[in-house]
Amino acid sequence: MAETSTSSGSNSDSPLFRIAPDHLFTVLLLLPVDSILSFAMTCRRFRSLASSDTLWESICRRDWGPSSVDSLKSSKQDQQLPWMRLYKQVSRLDCVSCYKLSDPEDELVSPGPRASHSLSFVSDCLVLFGGGFEGGRHLDDTWAAYIGNDFRRIVKWQKVSSGIPSGRFGHSCVVIDDSVVLFGGINDHGNRQNDTWVGQVSFHKNFVITISWRLLDVGPTAPQARGAHAACCIDVRRMVIHGGIGLFGLRLGDTWILELSENLCSGTWQEIVTHPSPPPCSGHTLSCLGGNQTVLFGGRGLGYEVLSDVWHLYVSGGYAKWVQILYESQDIPHGFSLPRVGHSATPIVGGQILIYGGEDSYRHRKDDFWVLNVGTIPSIKVQAATSHIRGISGTMWKRLKAKGYEPNHRSFHRTCADPWGRYLYMFGGMTDGLLQPMESSGLLFDGKLFLVELEL
């Protein structure tokens, strides 16, 4: 055995054994997890070091992002578990539990049914704005609910008197610090917009939530007006948007980054032009995996086709590059289809993305949960000279089981997650089995709030 052989004098004199533990610690953090586990099997000394709680907390920070780990520690959720065990449980995720959080006694004091709205988790609160309703009508109401660390609580909504911005659907909202940054959208006259708003969310001791909106000064340059685009926050104070539906119903394929000032009072838009880049599309998603890495999935293309493309955007300083992630569709379990539009794609713990629902090219709505694990994709930095990377479908995609109060098939709903990424909130959307592309009969809008908990 390795432990017996390494106890001999010849092996114990190996230069590797003379390396100080703190230096070995630094080296281990540069290795993939499989290599760390192999290293732990060589001898008792290395097993102790490679299994230490301090090392695995650092590995979780490396692979999940520091904000996820800090949020977990501050919320005291599962803090009793050793970090190595928690890491293993996250990597073996195969099930979610669903709960209905809407209070039937408070239906008169809660958001109405809608789709293509925004839902954000900010300052320990859920914040919902706008959306579309029957007849293509827009909504201009803002709702908020305090969550705190009690993620399973029955939500008590408050209608927030904000007054601005104007009503719209198909807009985007991303969270930066204690604020939401809103861009674009479509009103019930079909007008596309390209205004940018910042709403600061404050929770007061009397359980009152306020939102202070202000129009952001972005100077003379801004993206073309649009709705049904995708957006997410990257780094600390930057927002990236892509695609959407512009004037005359034209689908767009441009990428823009908004750089915000430290006080969030002004910002500067810059278009990112790279080749190759994702095709023009709408109803797709952008998900930030921490730092400056963003993943695009799905959407509807120029020819009304529904896509299953996966693209990775890497941004560093003035450098930006889109890379397409290729995978074999035949590796997806039989009977399941990945192409979708109007789905949700939420970053969760473990540097993964939880994808739910959406609809296919026949407007069949879906109710399946998938994990997209981009941790299996080679580093974009290493692949900087290529235009695409081939992912490993067997580990890149995983379909999750669902139990509990499962939501109906839906599309154009919205989701957001707590700072740790274990608890997801889902609201609204369009819910029925089959809708022909040009028909509106039978179209239903949902107004329920669900909690989706990762079973770790």
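That block above? That's the structure.
Heads up: these notes are all about the structure in this document. What you see is a predicted model; the values in this text were computed from it and never measured.

**Looking at the overall build of the protein**
Reasoning step 1: Summing up its helical and strand segments, the protein has nine helices and 27 strands in all.
Reasoning step 2: Considering the protein as a whole, with its 456 residues, one finds that 52% of them fall into the buried category.
Reasoning step 3: The long-range share in the protein, meaning contacts at least 24 apart out of those at least 6 apart in sequence, stands at 59%.
Reasoning step 4: Total accessible area on the protein stands at roughly 20200 Å², and carbon and sulfur atoms take up 53% of it.

**Some thoughts on the packing of aromatic side chains**
Reasoning step 1: A complete count under the given rule lists 17 aromatic pairs for this structure.
Reasoning step 2: Seen in terms of ring centroids, F203 and F207 are 5.5 Å apart; in terms of plane orientation they differ by 80 degrees. Their pairing is edge-to-face.
Reasoning step 3: With a centroid separation of 4.5 Å and 35 degrees between ring planes, the pair formed by Y356 and F369 is classed as tilted. In this pair, Y356 sits in strand 21 (residues 352-356) while F369 sits in strand 22 (residues 369-372), placing the two residues 13 residues apart along the sequence. For the pair shown, Y356 and F369 are each scored as buried.
Reasoning step 4: Connected via pairs of aromatic rings, a cluster forms that spans W56, W64 and Y87.

**Side note on unusual backbone geometry**
Reasoning step 1: The omega angle of the peptide bond from H275 to P276 is 0 degrees, so this bond is cis rather than trans.
Reasoning step 2: The backbone of F207 shows a phi angle near 65 degrees, a positive value even though the residue is not glycine.
Reasoning step 3: Tracing the backbone through its elements, the reader meets F207 in the loop between strand 10 (192-203) and strand 11 (209-215).
Reasoning step 4: Positive phi is not limited to glycine here, since R363 has a value of about 65 degrees.
Reasoning step 5: Position of R363 relative to the elements: it lies in the loop between strand 21 and strand 22.

**Quick look at the sheet that holds strand 14 (residues 251-260)**
Reasoning step 1: The antiparallel open sheet is built from four strands, whose spatial order is 12-13-14-15. Among the strands making up the open sheet, the edge pair consists of strand 12 (230-234) and strand 15 (267-272). Averaged over all pairs of adjacent strands, the angle between strand axes in this sheet comes to 20 degrees, irrespective of strand direction.
Reasoning step 2: Examined bridge by bridge, strand 13 (residues 238-245) and strand 14 share seven bridges and lie antiparallel to one another.

**Considering helix 4 (residues 33-40)**
Reasoning step 1: Among all positions in helix 4, only V33, I36, F39 and A40 are buried. All buried residues of helix 4 lie within an arc of 120 degrees about the axis, which places them on one face of the element.
Reasoning step 2: Looking at the buried side of helix 4, the elements it contacts are helix 3 (21-28), helix 5 (44-50), helix 6 (53-64) and helix 8 (83-91).

Conventions and cut-offs
- Residues numbered from 1 in each chain as written.
- Predicted model: local features only at pLDDT ≥ 70, side-chain atom pairs only at ≥ 80, totals over all residues.
- Heavy atoms only, no water.
- Helix = DSSP H or I, 4+ residues; strand = E, 2+ residues; numbered from the N terminus.
- Buried < 20%, exposed > 50% of the residue type's maximum accessible area, 1.4 Å probe, protein only.
- Contact = heavy atoms within 4.5 Å.
- Areas by Shrake-Rupley, 256 points an atom, 1.4 Å probe, with all protein chains shown as cover.
- Phe/Tyr/Trp six-rings, centres within 6.5 Å; stacked < 30°, edge-to-face > 60°.
- Pairing = 2+ DSSP bridges.
- Axes fitted to C-alpha atoms, helices over the stretch in contact; angles between N-to-C directions.
- Arc of directions from axis to C-beta.

Take it as geometry only, folks, not as evidence of what the structure does.
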